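# Understanding the architecture of this molecule
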2 protein chains.
Amino acid sequence: MPSSAVHRHDVIVIGGGHAGVEAALAAARLGADTLLLSMSCDTVGVMSCNPAIGGVGKGQIVREIDALGGLMGRAIDATGIQFRMLNQSKGPAMHSPRAQADKQDYRRFVKFAVEDAAGVSVRQETVVGLVMSEEEGGRRNEVDGDATPSPSPLPHHRIAGVRVADGTVFHAPAVVLTTGTFMSAVMHTGEAQAKGGRAGEGTTSGLSGALRELGFELSRFKTGTPCRVHGGSVDWAACEPQPGDADPRPFSYLTHRIAQPQVDCYLTETTPAVHDLIRANLHRAPMYSGQIHGTGPRYCPSIEDKVVRFADKSSHQVFLEPEGRDTREVYCNGISTSLPRDVQEELVRGIRGLERARITRLGYAVEYDFAPPTQLKNTLETHRVRGLYFAGQINGTTGYEEAAGQGLLAGANAALAVAGKPPLAIGRDEGYLGVLIDDLVTKGADEPYRMFTSRAEHRLTLRQDNADRRLTPLAAAIGLVGPERTEQLARHEAEIARCEAFLEAHRIEGKTLAERLRRPEVTLESFAELPEWRAERFDPRAAEQAAIGAKYAGYIARQAVEVRKAQRWGAVRIPDGFDFAAVEHLRHEAREKLGSVRPADVGQAGRISGITPADLSVLVVALERAG
Amino acid sequence: MPSSAVHRHDVIVIGGGHAGVEAALAAARLGADTLLLSMSCDTVGVMSCNPAIGGVGKGQIVREIDALGGLMGRAIDATGIQFRMLNQSKGPAMHSPRAQADKQDYRRFVKFAVEDAAGVSVRQETVVGLVMSEEEGGRRNEVDGDATPSPSPLPHHRIAGVRVADGTVFHAPAVVLTTGTFMSAVMHTGEAQAKGGRAGEGTTSGLSGALRELGFELSRFKTGTPCRVHGGSVDWAACEPQPGDADPRPFSYLTHRIAQPQVDCYLTETTPAVHDLIRANLHRAPMYSGQIHGTGPRYCPSIEDKVVRFADKSSHQVFLEPEGRDTREVYCNGISTSLPRDVQEELVRGIRGLERARITRLGYAVEYDFAPPTQLKNTLETHRVRGLYFAGQINGTTGYEEAAGQGLLAGANAALAVAGKPPLAIGRDEGYLGVLIDDLVTKGADEPYRMFTSRAEHRLTLRQDNADRRLTPLAAAIGLVGPERTEQLARHEAEIARCEAFLEAHRIEGKTLAERLRRPEVTLESFAELPEWRAERFDPRAAEQAAIGAKYAGYIARQAVEVRKAQRWGAVRIPDGFDFAAVEHLRHEAREKLGSVRPADVGQAGRISGITPADLSVLVVALERAG
Ligand SMILES: Cc1cc2nc3c(=O)[nH]c(=O)nc-3n(C[C@H](O)[C@H](O)[C@H](O)COP(=O)(O)OP(=O)(O)OC[C@H]3O[C@@H](n4cnc5c(N)ncnc54)[C@H](O)[C@@H]3O)c2cc1C
Ligand SMILES: Cc1cc2nc3c(=O)[nH]c(=O)nc-3n(C[C@H](O)[C@H](O)[C@H](O)COP(=O)(O)OP(=O)(O)OC[C@H]3O[C@@H](n4cnc5c(N)ncnc54)[C@H](O)[C@@H]3O)c2cc1C
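Residues numbered from 1 in each chain as written. Chains lettered and ligands numbered in written order. Predicted model: local features only at pLDDT ≥ 70, side-chain atom pairs only at ≥ 80, totals over all residues. Heavy atoms only, no water.

A few words on the site of ligand 2. Residue and element names in this part refer to chain B. The local shell around ligand 2 holds 36 residues, among which Ala19, Val127, Gly224, Gln393 and Gly399 are the closest. Interatomic distance of 2.9 Å between a backbone N/O atom of Val127 and a nitrogen atom of ligand 2. Between ligand 2 and Gln393, the relevant distance is 2.2 Å, taken from an oxygen atom to a side-chain nitrogen or oxygen of the residue. Burial of ligand 2 by the surrounding chains reaches 98%, relative to a free accessible area of 980 Å². At the level of elements, helix H1 (18-29), strand S3 (34-38), strand S15 (219-225), strand S22 (364-370) and helix H10 (400-418) are the ones that each hand at least two residues to the shell around ligand 2. Looking at the shell around ligand 2 element by element, the count peaks at three residues for S15. Broken down by class, the residue content of the shell around ligand 2 amounts to 13 nonpolar, 20 polar and three charged. (Near = heavy atom within 4 Å. Polar contact = N/O pair within 3.5 Å; in protein donor to acceptor, adjacent residues only side chain to side chain. Areas by Shrake-Rupley, 256 points an atom, 1.4 Å probe, with all protein chains shown as cover. Helix = DSSP H or I, 4+ residues; strand = E, 2+ residues; numbered from the N terminus. Nonpolar A, V, L, I, M, F, W, Y, C, P; charged D, E, K, R; others polar.)

Between its first and last C-alpha, helix H13 (residues 483-505) of chain B extends 33 Å over 23 residues, near the 33 Å set by a 1.5 Å rise per residue. Here H13 of chain B has its buried residues at Arg485, Gln488, Leu489, His492, Glu495, Ile496, Cys499, Phe502 and Leu503 of chain B. (Expected span 1.5 Å × (residues − 1). Buried < 20%, exposed > 50% of the residue type's maximum accessible area, 1.4 Å probe, protein only.)

As enumerated under the stated definition, the model contains 20 aromatic pairs over all chains in all. Arranged with centres 4.8 Å apart and planes meeting at 50 degrees, the rings of Trp236 of chain B and Tyr266 of chain B form a pair that is tilted. Of this pair, Trp236 of chain B sits in the loop between strand S16 (228-230) and strand S17 (240-242) while Tyr266 of chain B sits in strand S18 (residues 265-269), and the two are 30 residues apart along the sequence. Residue class for Trp236 of chain B comes out partly exposed when judged on its relative accessible area of 27%. For the ring pair Tyr552 of chain B and Tyr555 of chain B, a centre distance of 6.1 Å and an interplane angle of 50 degrees mean the geometry is tilted. An aromatic cluster is present here, built from Phe502, Phe527, Trp533 and Phe538 of chain A joined pairwise through their rings. A cation over a ring is seen here: Arg63 of chain A above Tyr253 of chain A, with NZ or CZ 4.1 Å from the ring centre. Directly above the ring of Phe452 of chain A sits Arg450 of chain A, whose terminal nitrogen or CZ lies 4.6 Å from the centroid. (Phe/Tyr/Trp six-rings, centres within 6.5 Å; stacked < 30°, edge-to-face > 60°. Lys NZ or Arg CZ within 6 Å of the ring centre and 35° of its normal.)

We now examine the pairing of strand S8 (residues 127-132) of chain B. Residue and element names in this part refer to chain B. The element S8 is extensively covered by neighbouring structure, given that five of its six residues are classed as buried. The sheet contact formed by S8 and strand S10 (residues 157-164) spans five bridges and is antiparallel. The partner of Val131 across the bridge, within S10, is Gly161. (Pairing = 2+ DSSP bridges.)

Okay, the relation of the copies chain B and chain A next. With an axial shift of 0.0 Å and an RMSD of 0.0 Å, the rotation relating chain B to chain A amounts to 180 degrees. In the structure described here, the two chain copies are related by an operation that fits a two-fold rotation axis. By C-alpha distance to the rotation axis, the residue of chain B lying nearest is Glu201 of chain B, at 2.7 Å. Comparing contact sets, 100% of the residues at the interface of chain B also lie at the interface in chain A, consistent with an isologous, same-surface contact. (Least-squares fit on C-alpha atoms with pLDDT ≥ 70 in both. Contact = heavy atoms within 4.5 Å.)

Another aspect to go through is unusual backbone geometry. At Leu380 of chain A, a position not held by glycine, the phi torsion is positive, near 75 degrees. On the basis of relative accessible area, Leu380 of chain A is assigned to the buried category, the value being 0%. Phi at Glu509 of chain B takes a positive value of approximately 45 degrees, unusual for a residue other than glycine. With respect to the helices and strands, Glu509 of chain B occurs in the loop between strand S25 (507-508) and strand S26 (511-512). Given the relative accessible area of 73%, Glu509 of chain B is considered exposed.

Residues and elements named next belong to chain A. The strand order across the open sheet built from five strands is S7-S3-S2-S12-S24, with neighbouring strands paired in parallel fashion. Taken across any chain shown, the strands that pair with only one partner, and hence form the sheet edges, are strand S7 (120-124) and strand S24 (388-390). Ignoring strand direction, the axes of neighbouring strands in this sheet form an average angle of 20 degrees. Lying over the sheet, helix H1 (residues 18-29) contacts strand S2 (11-14), strand S3 (34-38), S7 and strand S12 (174-177), oriented at roughly 165 degrees with respect to S3. (Axes fitted to C-alpha atoms, helices over the stretch in contact; angles between N-to-C directions.)

A few words on the pairing of S2 of chain A. Taken residue by residue, a regular strand's side chains alternate between the two faces of the sheet. Residues and elements named next belong to chain A. The two faces of S2 match: Val11 and Val13 on one face and Ile12 and Ile14 on the other face are all buried. Summarising the sheet, S2 and S3 pair through four bridges and their orientation is parallel. Among the inter-strand pairings, Ile14 is bridged to a residue of S3, identified as Leu37. Taken together, S2, H1 and S3 form a β-α-β motif whose crossover is right-handed. When S2 meets S12, the two strands line up parallel, connected through four bridges. Considered in S12, the bridge of Ile12 is made with Val175. (Right-handed = clockwise from strand over helix to strand, strands pointing away.)

Residue and element names in this part refer to chain A. Looking at chain A as a whole, its pLDDT mean stands at 92, while 96% of the residues score no less than 70. Here residues 136-141 scores under 50 on pLDDT; set against residues more than four positions off or in separate chains, the count is 16 contacts. Overall fold confidence for the complex sits at a pTM of 0.90, while the interface term, ipTM, reaches 0.86. (pLDDT = per-residue confidence, 0-100.)

The next point concerns the sheet that holds strand S4 (residues 52-54) of chain B. Strand pairing in a sheet relies on backbone hydrogen bonds. The paired strands run either parallel or antiparallel. Residues and elements named next belong to chain B. Reading across from one edge, S4-S6-S5 is the order of the three strands in this open sheet, with antiparallel pairing throughout. With partners counted over all chains shown, the strands left at the sheet margins are S4 and strand S5 (80-86), one partner each. The sheet shows a mean angle of 15 degrees between the axes of neighbouring strands, direction not considered. Sheet topology places S4 next to strand S6 (residues 96-101); three bridges connect them, and they run antiparallel. For Ala52, the partnering residue across the bridge sits in S6 and is Gln100. The strands touched by helix H3 (residues 72-79) are S4, S5 and S6; relative to S5, the strand with the most contacts, the crossing angle is about 115 degrees.

Here we come to the site of ligand 1. Residue and element names in this part refer to chain A. Neighbouring ligand 1 are 36 residues, the closest being Ala19, Val127, Gly224, Gln393 and Gly399. Taking Gly16, its main chain carries an N or O atom lying 3.1 Å from an oxygen atom of ligand 1. Bound to the protein, ligand 1 loses 98% of the 980 Å² it would expose on its own. If you list the elements that add at least two residues to the shell around ligand 1, you get H1, S3, strand S15 (219-225), strand S22 (364-370) and helix H10 (400-418). Sorting elements by how many residues they give to the shell around ligand 1 places S15 first, with three residues. When its residues are assigned to classes, the shell around ligand 1 shows 13 nonpolar, 20 polar and three charged.

This part covers the interface of chain B and chain A. Across the boundary between the two partners, chain B contributes 48 residues, which contact 48 residues of chain A. Contact between chain B and chain A buries roughly 4000 Å² in total, counting both sides, with carbon and sulfur atoms accounting for 38%. Contact with chain A buries surface across chain B, with Arg108, Arg341 and Arg361 of chain B losing the most and accounting together for 19% of the total. Counting every contact that joins chain B to chain A gives 18 salt bridges. Among the ionic pairs, Arg108 of chain B bridges to Asp102 of chain A, the shortest N-O distance being 3.3 Å. If you list the elements that add at least two residues to the side of chain B that touches chain A, you get helix H4 (103-116), strand S7 (120-124), helix H9 (341-349) and strand S21 (359-361) of chain B. In terms of residues, the side of chain B that touches chain A owes the most to one element, H4 of chain B, which gives eight residues. Across the side of chain B that touches chain A, the residue classes break down as 13 nonpolar, 13 polar and 22 charged. (Buried area = accessible area lost by both parts, 1.4 Å probe. Salt bridge = Lys/Arg side-chain N within 4 Å of Asp/Glu carboxyl O.)

What follows is the structure in structure tokens.
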């Protein structure tokens, strides 16, 4: 072998998707010398599917990513072409920001940000294997997909680096794997199949074998994408315009305003005739013909799924979303499909406004390997290999935001571990990210996991408007965000306090403004004409916080009680490597489940499905005895 | 099979590179309903290698493409970040425009232009086979790479369409194949190999088999690309800045001025130590180890080629060219290489300014199938299959400009043929494009062919400054350019005539200005202070034409005589399908060569290497007898 320079870094991130990008940036923000390896430099930051960020549950995650210093919020603020705050008619816990992106602008912004970040090196490389450290119990020091799989699992390995296509090894004590839909990926359009994780790109098969050999369980999921049509062939007048908000609100707490011009989306819908066509061709849909084995996302279903599952609905919405400002391609949101070409073409032409639409890219489904996430700690480190982290779609999730959030936490934890510092954990009561991670590592994923507000038991406090207040202090404490964010938050908190004081001090007809706000029909706007209120010129974002606090004070107090209750169990830690099998009096099923999930604390143990309060009592006694 | 709608178009273009884009646009300008099929919509217009358009010989081609209504000139004008007119110290025949592009902007501009063009439909599809018409002598009507190759060639086929990956057939009476470096492509970096025509993309193997089965000869060429480094890791102060021209001049005759801000490039060089390193590792270079069989471009050699071929040179220039405005990646022009990673890394660090450079993408070579171009008519239609055209790198050329020029002519000729109109042919005396096509179809390509001014025998008239005057009238005559260009040219010609008249009429010390201009030291600037000259306010571009005409009148007149002489032979047409084997008294070698090239006229016959004037006389007699 050549006398090549040895490549050493603190953290290696594999993959330049949404998870990989946030992972690399977070690790670097914490001071780790970070290497990002991706199959192509040109696809760093690519949006594989729809040109949008945010949405219900997801918009909250973007705000949390931003509060932790991540990139996603700033990227969409800089490149969004239509911003909407969803659910504005509902309470503030349901308000969810969403924006369409100019897809190419988004990718360029992200790629540039990663290139430009101090502490991150990007290299165009395809990873084919993982390298284990020889120090610790490693029978072999290199594992790749070509090697014969060993029958017995290899527990307690430690990662030492990765091997790329030409055999070169890049060394690091921590590796974050974020390969998205690319592991052993197969694309389907009707009967036609092709290898690849995204149209026009490749797949990576070596890694699946390497993970299996290390004893990881892999399973198959599928996801899909709709066709794109040429904007010039759409009858826009036949569709209903969907303008963005008149006052587009940014995702990032650092963005002051959205300056770029906005565009409209359009709404149309499928018809009974379209549904008949789909039903008549179901035997040719890879999902139904048996050609695809992986489970698809229930909450982002293909049009064929929708027609089957909601057989009584006579139409489904189709949003026509421009993919950017300098392209004519339009994304047909709502008709994700892997039906064969002829059906796709007839289907599209059956939709109002698309009668003469010209398809530029067909829809397709992609089936890929994921690693069931109960194999992870809540730091996203694998139980099986020390220093190896998984983040993003590889963990069985779907969605850019879920991927990015996991990436940020995995990257941060990788860097913290390398530096010998305690991990960053976000509780279920602190953020949707906490809910996401806890759900994944505790319950696994029977189907592609996406976030919903209903997954959060404390969602009244987990609002998009207060992610900075909830999470930026955590991030600041470990150096994950810089002074710009902490100073901004300090100013914000001071202004909130000033406004709260005013609301408590000021009375109308004997009642304080805070008290008045508790009445459903009273809002901040009710005070707009009060000269005293106007004189204070409160920052509107701070005033909103104060008002929400006043309005929901009762609920929030009750939630706090519940949170404290839940935290009690959470405080009882279970040591790493604790032997659940050795716990006397524990039911066999509980032993198995606990042994497989390996919860970090009794709180998490209690959330494992099938674990009873009685099991917990037995466990707590055993833990007390052991520790 | 499903009852799919039948897809019918006039012209199908396979490939969205520089050749494919110009082919599709030209066909559509001529009124053909044109379909562009490309492996990925996102790579339409990608610059595979260096971020620059133009250069010596190539800049002239871009001007000619523009004069014919093509896109390339406008694309680089809109997205160029550093413009230079090369060879300004030499005569006007040598002036050659060149510009650096923002690579991503260039790609987006081109993709949008193609999407937006009336008459062009773009679809993301991978073509796997060619479909022959059954009407005419076709033993089989479908040919693809999976079929068993038939031993005997199938002459006089007629194309009927193409088959894409899922089996669907798109029908058209004319097909232009522009697959670039993608046919049976293998990439090499040192000992490591991977399939694919460009890093991160796939290859198309089916088409090679399909062409072979039709009796086409295929051969292997290779090309290479240098590594890219991160701009933040370059010591710019150690390099020599290379600013662009203060007054950047546009490529397109339609562009008034270059408005966007310009950037600098930088110059550095290799050292004897770097050359020693390369020599010590030559056995590991795929070009020298025997791993690559294809011939590489002599005039765009890899650094290992340069070190071997110019063994006495102690350094080679390396231009550091930013790949765009919002990326930190820098293209290292001059060190294209497929040496293994460790050598590339050491090599880069041996260059002044790059001592601490961080490589973002390694250099690599790609080896691919091309079709020796003597199998083509001068319309770029294949002799073997009617309606099938080849253009671009598939014809054994290298370079974006050469590809684009061929694409334009192939697309135009495909559309003209479908409309039953006579083809567009450009003579060697009319344009570099004429030289290019004639060289290819007459002499073939023993090594990747690129344009040089020295290839043109009439280069005094084939200047970058007069491509519109030479070619726009040809294009206008067949409807390839619209009124915008013809009107602009008419105004230009009128202004030139006005200026010429002035130069003839005006005297200083008894001599007309035109006569004065013949003296080497006299230029237009010499008249700058003349009040009469200033009063006329001649358009500078028109004045330049008049002055060049006056200055080189003698040479140009002599060249015209030669052109007329050459045209005499060119006027003697050889009918399609003429049987050279049956010509009595023709030498055996001449019969073979003529039979393989199948020249369109006696002029072309005379340019075939090994054909003597005596052969031509025999041929002319035979033609007179036959016709
Ligand atoms: C066709 C399709 C349809 C989808 N539809 C939806 C949808 O409807 N709704 C939804 O919410 N989500 C959808 N998604 C999912 C969404 O794209 C992902 O959730 C998100 O992109 C995941 O981000 P990630 O970072 O985990 O992976 P990705 O964005 O997939 O990024 C993976 C990265 O890893 C790189 N990589 C892979 N293997 C290697 C290797 N061996 N070496 C080096 N680099 C490697 C890739 O080049 C890429 O940069 C879809 C995805 C696809 C492909
Ligand atoms: C690594 C590398 C290095 C190079 N170095 C140099 C250099 O140093 N100097 C130089 O002058 N030139 C260089 N070139 C060549 C230059 O890129 C080409 O000359 C130019 O791009 C050719 O244009 P083209 O249109 O013929 O092909 P390309 O630009 O290669 O485009 C081919 C197109 O065809 C599509 N395609 C291929 N197969 C199919 C199919 N079956 N179905 C549908 N679509 C298909 C591809 O997706 C692509 O869009 C290099 C190229 C490469 C790849």
